[in-house]
Amino acid sequence: MLIHAITADVTYEFASEVRAGLTREGQKELPSKYLYDDVGSALFEVISHLPEYGLTRADARLLRRYADEIVDRVAGPVAVAELGSGSGKKTRWLLQALCRRQRTSYYPVEISRSALAMCERELRDIDAISILGFEREYLDGLLEVAARRKEGQHLFVLFLGSTIGNFDRPAGVKFLSEIRRTLEPGDSLLLGTDLLKPVEQLLRAYDDDLGVTAAFNLNLLARINRELDADFELSEFAHQARINREARRVEMHLVSKRRQSVRVPAANIVVEFLEGESVWTESSHKYTAEEIFETARRAGFRCQAQWIDEEWPFAENLLVAE
Ligand code: TRP
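Attention in this report is confined to the structure presented alongside it. Residue numbers run consecutively from 1 along every chain, following the written order of its sequence. Only residues with pLDDT of at least 70 get local features here, since the model is predicted, and only at 80 or more are side-chain atom pairs given and counted; chain-wide, interface and lining totals rely on the full set of residues. Excluded from the side-chain calculations are hydrogens and water; all other atoms, namely the structure's heavy atoms, are used.

**Quick word on the site of the ligand**
- Here a residue is considered near a molecule or strand provided that any single heavy atom belonging to it is located within 4 Å of it. In the vicinity of the ligand, the contacting residues are Leu35, Tyr36, Phe44, Tyr53, Leu55, Asn166, Tyr206, Thr213, Phe216, Met252, Glu282 and Ser284.
- Definition of a polar contact: a pair of N or O atoms within 3.5 Å, with one able to donate and the other able to accept a hydrogen when the atoms are protein atoms, and with sequence-neighbouring residues admitted only if both atoms are side-chain atoms. Contact distances for the ligand include 2.5 Å between an oxygen atom and a side-chain N or O atom of Tyr206.
- Ser284 is positioned with one of its side-chain polar atoms (N or O) 2.7 Å from an oxygen atom of the ligand.
- Contact with the protein chains hides 98% of the accessible area of the ligand, taken as 370 Å² for the molecule alone. Calculation of accessible area relied on Shrake-Rupley with a 1.4 Å probe; when residues are assessed, cover is drawn exclusively from the protein chains displayed.

**Observations concerning the packing of helix 3 (residues 55–72) against helix 4 (residues 92–99)**
- As a packed pair, helix 3 and helix 4 sit with axes 8 Å apart at the nearest point and diverge in direction by 20°. Taken together, the axis directions place helix 3 and helix 4 in an arrangement best described as roughly parallel. Both helix 3 and helix 4 take part in a crossing whose hand is right-handed. Contact with helix 3, carried on its side by Ala60, Leu63, Arg64, Ala67, Asp68, Ile70 and Val71, involves Trp93, Leu94, Ala97 and Leu98 of helix 4 and no other residues of that element.
- Each residue belonging to the contact of helix 3 with helix 4 can be placed in one class, and the counts come to nine nonpolar, no polar and two charged. Between N-to-C directions, angles span 0 to 180 degrees; the directions come from axes that are lines fitted to C-alpha atoms, helices contributing only their stretch in contact. Labels follow the DSSP assignment, with helices taken as runs of H or I lasting at least four residues and strands as runs of E lasting at least two, numbered in each case from the N terminus. In this scheme, roughly parallel covers angles under 35 degrees and roughly antiparallel covers those over 145, while 65 to 115 is roughly perpendicular and the rest are oblique. Helix crossings get a hand from a simple test, with the near helix turned counterclockwise from the far one by less than a right angle marking a left-handed crossing and a clockwise turn marking a right-handed one. Note on contacts: a residue pair is in contact if any heavy atoms of the two residues lie within 4.5 Å. Note on residue categories: nonpolar means Ala, Val, Leu, Ile, Met, Phe, Trp, Tyr, Cys or Pro, charged means Asp, Glu, Lys or Arg, and polar means any other residue, Gly included.

**Structural notes on the sheet that holds strand 13 (residues 278–285)**
- Note on pairing: DSSP must find at least two bridges between two strands before they are called paired. Taken together, the four strands give an open sheet; going across it, the order is 2-13-10-9, and neighbouring strands pair in mixed fashion. Where the open sheet ends on each side, the last strands, each with one partner, are strand 2 (28–29) and strand 9 (237–244).
- Relative to strand 10 (residues 249–256), strand 9 runs antiparallel, the two sharing eight bridges. The residue of strand 10 that forms the bridge with Ala241 is Met252.

**Overview of the pairing of strand 11 (residues 260–264)**
- Side chains Gln260, Val262 and Val264 of strand 11 all project onto a buried face; the interleaved residues Ser261 and Arg263 project onto a face where none is buried.
- Here five bridges tie strand 11 to strand 12 (residues 269–273), and the two strands are oriented antiparallel to one another. In the sheet register, Arg263 faces strand 12, and the bridge partner there is Val270.
- Between strand 11 and strand 12, which pair antiparallel and follow one another directly, the connecting turn spans four residues, one of which, Asn268, has a positive phi of 60°. Burial here depends on accessible area, computed with a 1.4 Å probe over protein chains only, as a share of the maximum for the residue type. Under 20% is buried, over 50% is exposed, and the range in between is partly exposed.

What follows is the structure, given as structure tokens:
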């Protein structure tokens, strides 16, 4: 067993992206990847246990139930790269199934250092596994994994938990195409997608009664206070989940409760907010099972198989690079 992590320092980028997002014309925005610092990753872990948010459990249920079937369809021998591993809990089933067949190198790619450490602790007891984590953005990490590919080895990329839904549809196709470009024909991608469901169920999933999702979203402002020395008054902003029917997505916003100005010294800006004005922090697009075939095709993959949860509409899609 080999455990090792390659880390990065990203504060400067954070400041410049915050500056760009909060000073742009019209709708203010912050990139959703910054939700996942240590506090945010811990809060998201709690969200995944909430009764209102069935997504992660559906994903885990499918992986547990169908791990052997999924692995049987993946051409081998393979090395596994996971984009956004989180705690790594639900990946165990797939890795165990694979490790019964071959010695397996597992490369989690994750921007949260604490999630990466947790993932390595969680999975290192599996027989015949070696783990090398990358504290990197998805595509940078994947390129490094691809550079380690051995002669005759296929890559099996995992992109679980419906993170693809956080891209708008065209950007999702573009991102999948970029993954495709680092792969060889015959390599596989297991893609998790949350499926369309009734509006009330969606709103509850992104605005739970306990307020954990609200805390998760507000933590982005708290993080800007912590890391960029800003003076956001958290109680003056409210979490809001909005349905955008046309775009088939839930949007998460932080709404300013009054007119106010906020200083962000490390980004060298003072930001003015009107009462009711929002910062858009995340979108979660919901797919139909059918549209995934076309999405895959446009990105250079063929959707070879699909597994759908009955309790919470969610699909695992096995895509093969053409
Ligand atoms: N990727 C998750 C999703 O779209 C992240 C998430 C869950 C999230 N709840 C949230 C992001 C609330 C922002 C706010 O389901």
